[in-house]
Amino acid sequence: MQSTNNWWQEIEQELERQFDRFLDDHPSQKELLEKEEANQKQKRLQLRLQTINEQADQLRSELCKLSAEIKQWRQRVERAHKANASDLAAQAQDHLGQLMGKGRDCWQALAELGVEDQKLRQELEQIPNPNNNKPKYKQDIETAWEKFEADQALEDLKRKQR
């Protein structure tokens, strides 16, 4: 079994090497592959963001319902205390505590979704735009040139202020 496993690993490694050589020899195919990978990643992230938004909407709705219930049970606790129904007040207080625990859990889940949403949006911003057909070296030099021009404009402003 061990030798069969090694054999498969060797074949897999050789296929990966051949594929890498092919991509090195055909830069346009490599670029197409990178664009497709970027598109797929972007779609996956956007789908997850959509799911997060739906879950967040459900949690917000649940929080609104819980808020109304909590308000109602607080009033019941007060009424039971005023009527000296201490057993009923204790039971109502326990139920109120459970509702508040659910509320805290919902807030925690909503906060976690917010953190995940933020991370995914940052990750989405890092994905190169697949519709941008400029080669990477051209993008780099244009970015460097824009920075150079901005620095020059800043230097000019500083000189004029002196």
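Relevant structure appears above.
Quantities reported herein were computed from a predicted structural model and do not represent experimental measurements.

Give me the overall build of the protein: which residues, what numbers.
Scanning the protein from terminus to terminus reveals four helices and zero strands. Listed by position from the N terminus, the elements making up the protein come as α-α-α-α. Scaling as 2.2 N^0.38, a compact globule of 162 residues should have a C-alpha radius of gyration of about 15 Å, whereas the protein reaches 30 Å, well beyond that. With respect to the three principal axes, the spread of C-alpha positions in the protein is 85 × 80 × 25 Å. A buried classification covers 17% of the 162 residues belonging to the protein. Restricting the contact set of the protein to residue pairs at least 6 apart, pairs at least 24 apart contribute 70%. Working note: accessible area of the protein is about 13500 Å², and carbon and sulfur atoms make up 51% of it. Charged side chains in the protein number 27 positive and 31 negative. The centres of these two groups are separated by 8 Å.

Run through the environment of K160, naming residues and quoting values.
Looking at the element boundaries, K160 is found in helix α4 (residues 136–161). Taking the C-alpha atoms as reference points, K160 and T51, 109 residues apart in sequence, are found 53 Å from one another.

Please set out unusual backbone geometry residue by residue, giving values where relevant.
A positive phi angle, near 60°, is found at N84, a position not held by glycine. When its relative accessible area of 69% is taken as the criterion, N84 is described as exposed.

Summarise the side chain of D117; cite the residues concerned and give the values.
Turning to its location among the elements, D117 is positioned in helix α3 (residues 86–126). Given a relative accessible area of 15%, D117 falls into the buried group. Discounting chain neighbours no more than four positions away, the residues touching D117 are L49, I52 and N53.

Got a sec to walk through α3? Specific residues and values, please.
Between its first and last C-alpha atoms α3 spans 60 Å; for 41 residues at 1.5 Å apiece the expected length is 60 Å, and the two agree. Regarding α3, the residues found buried are A89, A92, L96, L99, G101, G103, C106, L110, L113, D117, L120 and L124. Residues of α3 that are buried in the fold lie against α2 (27–82).

Run through α2, naming residues and quoting values.
Between its terminal C-alpha atoms α2 stretches 81 Å, which fits the 82 Å expected from 56 residues at 1.5 Å a residue. Considered for burial, the residues of α2 that qualify are A38, L45, L49, I52, A56, L59, L63, L66, I70, W73, V77 and A80. Buried positions along α2 lie against α3. Just past α2, the residue N84 takes up positive phi, approximately 60°.

Please give an account of the pattern of salt bridges that cites residues and values.
Should their charged atoms come close, side chains of opposite charge can pair. Within the structure shown, the criterion is met by eight salt bridges. The residue E14 makes a salt bridge to R21 at a minimum N-O spacing of 3.6 Å. Looking at E14, the relative accessible area reads 29%, which means it is partly exposed. When its relative accessible area of 44% is taken as the criterion, R21 is described as partly exposed.

Reading the values: rules and limits
Residues numbered from 1 in each chain as written. Predicted model: local features only at pLDDT ≥ 70, side-chain atom pairs only at ≥ 80, totals over all residues. Heavy atoms only, no water. Helix = DSSP H or I, 4+ residues; strand = E, 2+ residues; numbered from the N terminus. Rg over C-alpha atoms; globule rule 2.2 N^0.38 Å. Buried < 20%, exposed > 50% of the residue type's maximum accessible area, 1.4 Å probe, protein only. Contact = heavy atoms within 4.5 Å. Areas by Shrake-Rupley, 256 points an atom, 1.4 Å probe, with all protein chains shown as cover. Lys, Arg positive; Asp, Glu negative; His and termini not counted. Charge placed at Lys NZ, Arg CZ, Asp CG, Glu CD. Expected span 1.5 Å × (residues − 1). Salt bridge = Lys/Arg side-chain N within 4 Å of Asp/Glu carboxyl O.

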